[in-house]
Amino acid sequence: MSFMWNAGYVIIALLIVKISQWLWQWSNPNSKGSGNLPPGSMGFPIIGETMEFFKSSGLLGIPPFFQKRMLRYGSLFRTNILGSRTVISTDADVIFEIFRQENQSFVQSYPDVFIKVLGKDNVFFKTGDVHRHMKHTTMLLIGSEGLKRKMIGFMNQTTREHLRRKASEGAFNLRHSVSTMIVSYITPQMISDLKPETQAKLIDHFMAFNIEWFQTPFALSTWKNLFKVLRARKEAAKIINVALERRKASILEKQGDFLDILLEEMKKEGSIFDQASIVNLLLNIGVVSRDTTSHATALTVDFISKNPRVLTELKKEHEAIIQKRDDKEAGLSWEEYKDCMPFTRMVIYESLRLANLGTIIFRKAVKDVVIKGKLVVKRYTIPAGWIVAVAPSVVHYNSEIYENPLEFNPWRWEGRDLRSPGSKTLMVFGGGARQCVGSDLARLHLTIFLHHFVTTYDFSVVQECEIYRVPFPCFTKDLHINISPSLPASERCSYTSE
C-alpha cells in the first residue's frame, strides 16, 4: 500500500515539475534559446494577453494596451495575442524597417480566423512573385490607370445620383449610405452582365460581408456576426461562380469588365489564377474597397462638421474648380483631382491620420531578425515564426512628430508633398511592397465625394457618431445627417450683400 502511495506522490511530483517547466517556458521564451528577445509578458497560458488586447478604448489617443506596455517596456515588446507569440513595434524606424524587408525577412500574416473569412486564396495571403502579379492585375481595376481610364466617370455619376436621392429622404446613416454607394459603382465594373436582381443580391451580400465582426473573441455577439459574415461570403461566392461559368461558356462575348481581364489571365500558360482565386479576388475587392473607405468618409464628414473653417476652405477650393470649367455640370476630372485641390488632399490625409483605421498590421518573421530603432536602446532578436505586429496608430498620435496630435488640423500638411500614399511617419495605407492595393481608390472616392458634397449641398448633423476601438474602430452610433441643395456660390454672394 505504501508503494502505491509513494508511486502516486512521484507521479504528482513529476506532473508538477512538468507543468512548472511548461509555465516557465511559456513566460520566458528566452529559455528556448530564442536570442535576446524584446522585453514583455506572454500573459496567461494559451490565451496570452488577448483579453486585454481587445479591451475597448476611445477613437482618439493611443490604445491603453499599447500605452501601458510602452511605458513599462519601451517601443518594442513581446506578448501573446490570438494564440500567437508576437512582437509589437510602435517605433516609426522599426516599422519602416519591417516594411522595407517585406518578402525578405517578413511576410504577410494574419490570425487563422482572418484566413477563414477572407479565403486562403486571397491576395492578402500571397507572397513574392505571386503577390506582385495578383496586385498588378488588381491595379488594372482600382489602380491609378484603371481609375483614370474607366472608374472616375462611374464614381462621379453614382455619387451624384446617390446624394440626389438622399437629399429627398430626410436624415440618413452616412456610413451605410456610402457603403452602398461604393458597392454600387464597383460591382458592375467587376461583373457587368448580371441581371438587376442578381446584382442587387450580390451587393446585399457584399454589404453583410464586413470586418465589424473582428472584436473580442470572448463575446457571443462576435461569433454570431462571424457566422453571418461567413454565410454572406458563401452566398456571394455562389453568384460569382455562376457568373464566371456562364462567361467561360460564352467565350466569344466580351463585356469589357474586370472579369474578362481575369479570364484572360487564367488562360495564360503557367497562370497563377484558377477559378477559386478569381472568386476570392472579386470577393476581396467588393468587401475591402468599401468597408474601411465608408468608415473614413463618415469620420471625415464628422471632423469637418466640427470645424467650420475647414468646410469654408473646402467649398472655396471646389467652387473655384467649377468656375474654371466650360461645362459647369461636369463631374470631377482626373486632371482636377491630381492638380487642383491641395487643401482637399490635406483634409483627407489629416482625417485618415486621426481615424487610424489600420490600428495594427500583422507580419511574420521567416528567419531570425535583429532589430534596433531610434527609440530602441538595445538590439533585439525577433525569432523565425513569430508574428510581428506594427502599430502605425501610435506613430500617428506621437506628439514628437505631430504638434497637438489629437487635434484635427489639415493645415499641418501645408507645404508637404502628399501625392504619394504614405511615408515613415504617415502609414494610413501600410507600407512597403504590401502597401494597401486600394489606396488610390480610397483617396479618389473621398475626393469625389467631398467635391459633390460641399459644392451641391448644405448639411446638418442629426446624430453625432460614437466610436470605440476593439482594437479596430467600431461605431456604437453612426453619423446621421440631413442634406439639402445649396445655393450656387454667385447667389449666396448676392444674398449676403443684400
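Preceding block: the structure.
Residues numbered from 1 in each chain as written. Predicted model: local features only at pLDDT ≥ 70, side-chain atom pairs only at ≥ 80, totals over all residues. Heavy atoms only, no water.

1. Some remarks on the packing of aromatic side chains
Consideration 1: In total, this model carries 10 aromatic pairs according to the counting rule given.
Consideration 2: Aromatic pair phenylalanine 53 and phenylalanine 65: ring centres 5.3 Å apart, planes at 85°, arrangement edge-to-face. Taken together, the residues span a long stretch of sequence, with phenylalanine 53 in helix H2 (residues 50-53) and phenylalanine 65 in helix H3 (residues 64-73) at a distance of 12 residues. Comparing phenylalanine 53 with phenylalanine 65, the two get one shared label, buried.
Consideration 3: On the numbers, 5.1 Å between centres and 45° between planes, the contact of phenylalanine 343 with tryptophan 411 is tilted. In this pair, phenylalanine 343 is assigned in helix H15 (residues 342-355) and tryptophan 411 in the loop between helix H16 (392-396) and helix H17 (439-456), connecting sequence segments 68 residues apart.
Consideration 4: Within the aromatic cluster, the residues linked to one another by ring pairs are Phe53, Phe54, Phe65 and Phe66.
Consideration 5: Seen from the ring of phenylalanine 475, arginine 175 lies directly overhead, with NZ or CZ sitting 4.5 Å from the centre. (Phe/Tyr/Trp six-rings, centres within 6.5 Å; stacked < 30°, edge-to-face > 60°. Helix = DSSP H or I, 4+ residues; strand = E, 2+ residues; numbered from the N terminus. Buried < 20%, exposed > 50% of the residue type's maximum accessible area, 1.4 Å probe, protein only. Lys NZ or Arg CZ within 6 Å of the ring centre and 35° of its normal.)

2. Re the sheet that holds strand E1 (residues 57-58)
Consideration 1: Strand order in the open sheet made by the three strands is E1-E11-E12, with antiparallel pairing throughout. This sheet does not close on itself; its edge strands, each paired only once, are E1 and strand E12 (473-477).
Consideration 2: Across two bridges, E1 lies against strand E11 (residues 466-469) in antiparallel orientation. Its bridge partner lying in E11, glycine 58 is registered against tyrosine 468. (Pairing = 2+ DSSP bridges.)

3. Side note on the pattern of salt bridges
Consideration 1: As enumerated under the stated definition, the model contains 22 salt bridges in all.
Consideration 2: For the salt bridge of arginine 69 with glutamate 49, the shortest nitrogen-to-oxygen distance reads 3.1 Å. Note that arginine 69 is positioned in helix H3 and glutamate 49 in the loop between helix H1 (2-27) and H2, a separation of 20 residues in sequence. Here arginine 69 and glutamate 49 have matching classes, each one buried.
Consideration 3: Between glutamate 350 and arginine 412 there is a salt bridge; the shortest N-O distance is 3.0 Å. Taken together, the positions of glutamate 350 in helix H15 and arginine 412 in the loop between H16 and H17 put the pair 62 residues apart, joining distant regions of the chain. Taken as a pair, glutamate 350 and arginine 412 share a single burial class, namely buried.
Consideration 4: Connected via shared salt-bridge partners are Asp193, Arg246, Arg247, Asp257 and Asp260. (Salt bridge = Lys/Arg side-chain N within 4 Å of Asp/Glu carboxyl O.)

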